[in-house]
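Next come the chains, spelled out residue by residue.
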Amino acid sequence: MATSPAPAPVKKVPIHLQSAQNRLYIKRGHVVNHDGIQQADIYIEDGTIRYVGSGADFVVPGGCRTIDAAGLMVIPGGIDPHTHFQLEFGGTVSVDDFYQGTKAAVAGGTTTIMDFVIPKKGESLLEAYDEWRCRADTKVVCDYGLHVAITWWSKSVRDEMRILCQERGVNSFKCFMAYKGLFQVTDSELYEIFETCKELGAVAQVHAENGDVIAKNVQKLLAAGVTGPEGHELSRTEEVEAEAVNRACVIAHQTKCPLYVVHVMSKSAGIELARARRRYNGVGIYGETLAAALGTDGTNYTHQCWHHAACHVLSPPLRPDPTTPEFMMKLLAQ
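Just so we're clear, the structure is a prediction, and the values are computed from it rather than from any experiment. (Residues numbered from 1 in each chain as written. Predicted model: local features only at pLDDT ≥ 70, side-chain atom pairs only at ≥ 80, totals over all residues. Heavy atoms only, no water.)

I'm lost on the nonpolar core in this one. Help?
One broad trend across soluble globular proteins is that nonpolar side chains are buried collectively. The biggest cluster of nonpolar side chains holds 60 residues, and the ones touching the most others in it are Ile150, Met161, Phe173, Phe194, Val206 and Leu259. Other than its neighbours up to four places away in sequence, Met161 contacts Leu125, Ile150, Trp153, Phe173, Ile193, Thr196, Cys197 and Leu200. Ranked by size, the runner-up nonpolar core spans 8 residues in total, among them Val31, Ala40, Ala69 and Val74. (Core = buried A, V, L, I, M, F, W, Y, C linked by side-chain atoms within 4.5 Å. Buried < 20%, exposed > 50% of the residue type's maximum accessible area, 1.4 Å probe, protein only. Contact = heavy atoms within 4.5 Å.)

As structure tokens, this is what we get:
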């Protein structure tokens, strides 16, 4: 009878070599937290922060890798709550997959990203969620989570929201008030989705633009021969965004559902959100803007280079008022 070969001996790495990889001591840095900045030393072991302090009462383990951060800031890893990796949209796919996108995130100090499962109209939320997990799990190089979009409404969608919350760890659902005929839900559906989020303890998110008005404006602009990037902002002006932000906040207040308004891009929309935050203080209303809205503006849509102008197209669009970035930055500080 043949015998199985003896297993190869396991090579043990000496503890002094292990520690250099698993133990890190950062000294004399300015540690930035949500509530202030302090000069402190930090000890990290196996990816977990074990100590933050002056260092006077801490014995540094032998073999630690040490970084002298004197004169530098030590900040927590960033969280990007809104990414779209490998997203199929309008016959295209976003250029970054989950590997390239999260690799770039980590290089820039972002250690967690939140992407969006966007089911096709009529598609099971659970099947779409599983598909996004398959896309991401083999490629991500940082922590990640998933929001789930509600692109259509029925009892089965409500039931699947419950399963996603209770069994899959999803606690935020995004609705579109734009993209008529594709992702847009009605106000009545929005109300029921918000009710369901409230019941499940989840946060509702909205892309806030008046999709019906946009569809009419697009028809008019195309009939007038406007087909370039400049038509994008003309079809969805500030008031079209601001009206939808206000409407979403009112519906959220009626259902007592926490609301997160994604990519607020204009002064008018920002003002509506700030008012709602003051008016509906007990509900929990939040908003985000984009780095693009803080760093550039919609005057690029009339640039003589078509490719330059087209590269600035996003929804809601950048606004032509050049004072918008500074205004939005001040709103963020409130």
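Moving on, there is more to tell.
I keep staring at the side chain of Arg135 and nothing clicks. Help me out?
Along the chain, Arg135 falls in helix α3 (residues 125-137). At a separation of 2.6 Å, a polar atom in the side chain of Arg135 contacts the side chain of Glu131. Every residue in contact with Arg135, bar those within four places of it in the chain, is listed here: Gln86, Glu88 and Phe98. (Helix = DSSP H or I, 4+ residues; strand = E, 2+ residues; numbered from the N terminus. Polar contact = N/O pair within 3.5 Å; in protein donor to acceptor, adjacent residues only side chain to side chain.)

Help me out: how do you make sense of the UniProt feature "domain: Amidohydrolase-related" (unreviewed entry) in the protein chain in this one?
As annotated in UniProt, the feature "domain: Amidohydrolase-related" (unreviewed entry) corresponds to residues 73-239 in the numbering used here. Between the end C-alpha atoms of residues 73-239 there is a gap of 41 Å, over a span that is 43% helix and 23% strand. (UniProt positions renumbered as here; feature names shortened; annotations may be inferred.)

Got a minute to help me understand the pattern of salt bridges in this structure?
A side chain with one charge can pair with a side chain of the opposite charge if their charged atoms come near. With the rule as written, the count across this model stands at 19 salt bridges. The partner of Asp68 in a salt bridge is Arg28, with the nearest N and O atoms 2.5 Å apart. Within this pair, whereas Asp68 is found in strand β4 (residues 65-68), its partner Arg28 is found in strand β1 (residues 23-33), the two being separated by 40 residues in sequence. Taking the relative accessible area as the measure of exposure, Asp68 reaches 38% and is therefore partly exposed. For Glu272, the salt bridge goes to Arg275, with nearest N and O atoms at 3.6 Å. Of this pair, Glu272 and Arg275 are both found in helix α9 (residues 267-279), 3 residues apart, which corresponds to roughly one turn of the helix. On the basis of relative accessible area, Glu272 is assigned to the buried category, the value being 18%. Salt bridges sharing partners connect three or more residues here, namely Glu88, Glu131 and Arg135. (Salt bridge = Lys/Arg side-chain N within 4 Å of Asp/Glu carboxyl O.)

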